[in-house]
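In case you want the letters, here they are:
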Amino acid sequence: MQLDVFLKQVSINQALNSLISHIAEAGIEIASLVKQGALAGVTEKMTTTNVQGETQMQLDILSHDLALAQLRASTVVAGVLSEEVDAPVLFETLDAPFLVSMDPLDGSSNLAINGVVGSIFSILPNTGVSRLGEQAFLQPGQAQRAAAYVMYGPATLLVLTMGQGTHVFTLDAQQQIFTLTQQTVQIADQTTEFAINTSNQRYWQPAMQRYIAECLHGADGPRGHDFNMRWCASMVMDVHRILTRGGVFLYPRDTKQPVKAGRLRLLYEANPMSLLVTQAGGASIDGLDDILSIQPTSCHQRVPVLLGAKQEIQRLRDYHQQASH
Ligand SMILES: O=P(O)(O)OC[C@H]1O[C@](O)(COP(=O)(O)O)[C@@H](O)[C@@H]1O
Ligand SMILES: [Mg+2]
Ligand SMILES: [Mg+2]
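Residues numbered from 1 in each chain as written. Chains lettered and ligands numbered in written order. Predicted model: local features only at pLDDT ≥ 70, side-chain atom pairs only at ≥ 80, totals over all residues.

**Description of the domain arrangement of the chain**
And step 1. Under the domain assignment, the chain is made up of domain 1 (3–184) and domain 2 (193–324).
And step 2. On a C-alpha basis, the centres of domain 1 and domain 2 stand 23 Å from each other.
And step 3. With 34 residues of domain 1 at the interface, the matching set in domain 2 holds 29 residues.
And step 4. Secondary structure elements with two or more residues in the side of domain 1 that touches domain 2: strand S5 (98–106), strand S6 (117–125), strand S7 (146–152) and strand S8 (156–161). (Domains from an automatic or database assignment. Contact = placed C-beta atoms within 7 Å. Helix = DSSP H or I, 4+ residues; strand = E, 2+ residues; numbered from the N terminus.)

If you want it as structure tokens, here you go:
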């Protein structure tokens, strides 16, 4: 089933359907640039840094521009918060029904090694951006109307939730149309696979030290079985693996840079991914609290992210609760 047919079947909200179609178009445009690699200059670094102080890749900027143009063209978006700009971009359509928070290119360090990258989108209701300005974006993740990522891998995928399950669409490269290939994804409650950047181990808190130590002890330790490990350095790819074959993805709080609560950004990485994962039967916490219930305090706020298999995330929550007493 093609994306537009699917949208008509599951939602009568034409504005939302149109917005998702424009996000899909942005994904198709970015995918064709990614596939050109060095021929399109996408592996080149810029001399500029973004608001996070990270060196931007040429494709970070191009993806931001392409996605912004599609969101503006939809006419149903009032403003866009992007990883690549300091303050939200407000459109002339200030009373339009939606706001979008986006990471136009996630995992961009992978471009240099021809690895998988993606784009992440969070769709929020417009609760008054004309009055509130950037405050209007500071809504908890549970307010999201939809969330999606586009994954630029061997195949280009659109993974979407509108609050009724998480669904996977694959791009037909010939026709340039997304087609439904997996409906209502379900993440298994248990897993024997974890994803974490262990080079940060010495900075983790005791609860995370305990969880990973127990996994590494495998069959000889308290868990009684061996664990496997994966780390793609691309949240889109790591989350996609969890949606398709299970597991947990962990980017915990650490003391590496004490001013940062975690590495990932709440409004355009943690929240949309948490909605996609919870809609697939998984869980997502910052250690103690559900990510989707966190009240944001600033646009580029960082947050620890532990998401995936429900029972493992509950175990992690227990360990954090025990350590906090
Ligand atoms: O470099 P590290 O510590 O492995 O971090 C990888 C994480 O950083 C990110 O690349 C951050 O995203 P950006 O590339 O959009 O800044 C995530 O995709 C990934 O999970
Ligand atoms: Mg990112
Ligand atoms: Mg990015």
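**As for the environment of Val42**
And step 1. With respect to the secondary-structure elements, Val42 resides in the loop between helix H2 (14–36) and strand S1 (45–49).
And step 2. The sequence separation of Val42 and Ile61 amounts to 19 residues, and the corresponding C-alpha distance is 10.0 Å.
And step 3. Contact partners of Val42, with chain neighbours within four places excluded, come to Leu33, Val34, Gln36, Gly37, Gln58, Leu59 and Leu111.

**Considering the site of ligand 1**
And step 1. Taken together, Glu54, Glu83, Asp103, Asp106, Gly107, Ser108, Asn197, Ala233, Ser234, Met235 and Arg263 make up all the residues around ligand 1.
And step 2. Grouping the constituent residues of the shell around ligand 1 by class yields two nonpolar, four polar and five charged.
And step 3. There are two domains that each give the shell around ligand 1 at least three residues, and those are domain 1 (3–184) and domain 2 (193–324). (Near = placed C-beta within 6 Å. Nonpolar A, V, L, I, M, F, W, Y, C, P; charged D, E, K, R; others polar.)

**Observations regarding the UniProt feature "domain: Fructose-1-6-bisphosphatase class 1 C-terminal" (unreviewed entry) in the chain**
And step 1. What UniProt calls "domain: Fructose-1-6-bisphosphatase class 1 C-terminal" (unreviewed entry) maps, in this numbering, to residues 187–320.
And step 2. Spanning residues 187–320, this segment combines 35% helix with 16% strand, and its end C-alpha atoms are found 23 Å apart. (UniProt positions renumbered as here; feature names shortened; annotations may be inferred.)

**Digging into the sheet that holds strand S15 (residues 283–285)**
And step 1. One open sheet accounts for five strands, arranged S12-S11-S13-S17-S15; its pairing is mixed. The open sheet has two free edges, formed respectively by strand S12 (228–229) and S15, since each of these has just one partner strand.
And step 2. Both strand S11 (residues 193–196) and S12 contribute to a ladder of two bridges, which runs parallel. Within S12, the residue paired with Glu193 across the bridge is Asn228.
And step 3. The sheet strands contacting helix H7 (residues 266–278) are S15 and strand S17 (305–308), and the helix crosses S17 at an angle near 25°. (Pairing = 2+ DSSP bridges. Axes fitted to C-alpha atoms, helices over the stretch in contact; angles between N-to-C directions.)

**Considerations on the UniProt feature "binding site: Mg(2+) 1" (unreviewed entry) in the chain**
And step 1. Per the UniProt record, "binding site: Mg(2+) 1" (unreviewed entry) is annotated on Glu83, Asp103 and Leu105. Judged by maximum C-alpha separation, these annotated positions cover 23 residues in sequence but sit close together in space, the widest gap being only 8.7 Å.
And step 2. Secondary-structure assignment places Glu83 in the loop between strand S3 (77–82) and strand S4 (89–90).
And step 3. For Glu83, a count of 26 C-beta atoms within 10 Å puts it in the buried group.
And step 4. Of note, Asp103 is situated in strand S5.
And step 5. Sequence-distant contacts of Asp103, that is, excluding residues within four places in its chain, are made with Glu83, Ser119, Ile120, Tyr268 and Glu269. (Buried ≥ 20, exposed ≤ 12 C-beta atoms within 10 Å, placed from the backbone.)

**Side note on the sheet that holds strand S9 (residues 166–172)**
And step 1. Strands sit in the order S4-S3-S5-S6-S7-S8-S9-S10 across an open sheet of eight strands; the sheet is mixed. Each end of this open sheet is capped by a strand with a single partner; those strands are S4 and strand S10 (177–182).
And step 2. In this sheet, S7 lies alongside S6 in antiparallel orientation, the contact comprising seven bridges. Each bridged residue has a counterpart across the sheet, and for Ile123 the counterpart in S7 is Ala146.
And step 3. Lying over the sheet, helix H3 (residues 58–74) contacts S3, S4, S5 and S6, oriented at roughly 155° with respect to S5.

**Things to note about the packing of helix H5 (residues 206–217) against helix H8 (residues 310–324)**
Relative placement of two packed helices is described by the angle separating their axes and the distance separating the axes.
And step 1. Put simply, H5 and H8 touch, their axes get as near as 8 Å, and they point 135° apart. When the axis of H5 is compared with that of H8, the two are oblique. As for the relative orientation of H5 and H8, their crossing is right-handed in sense. Contacts from Pro206, Ala207, Arg210 and Tyr211 of H5 reach H8 at Leu316, Tyr319, His320 and Ala323.
And step 2. When its residues are assigned to classes, the contact of H5 with H8 shows six nonpolar, one polar and one charged. (Parallel < 35°, antiparallel > 145°, perpendicular 65-115°, else oblique. Left-handed = near helix turned anticlockwise from the far one by under 90°.)

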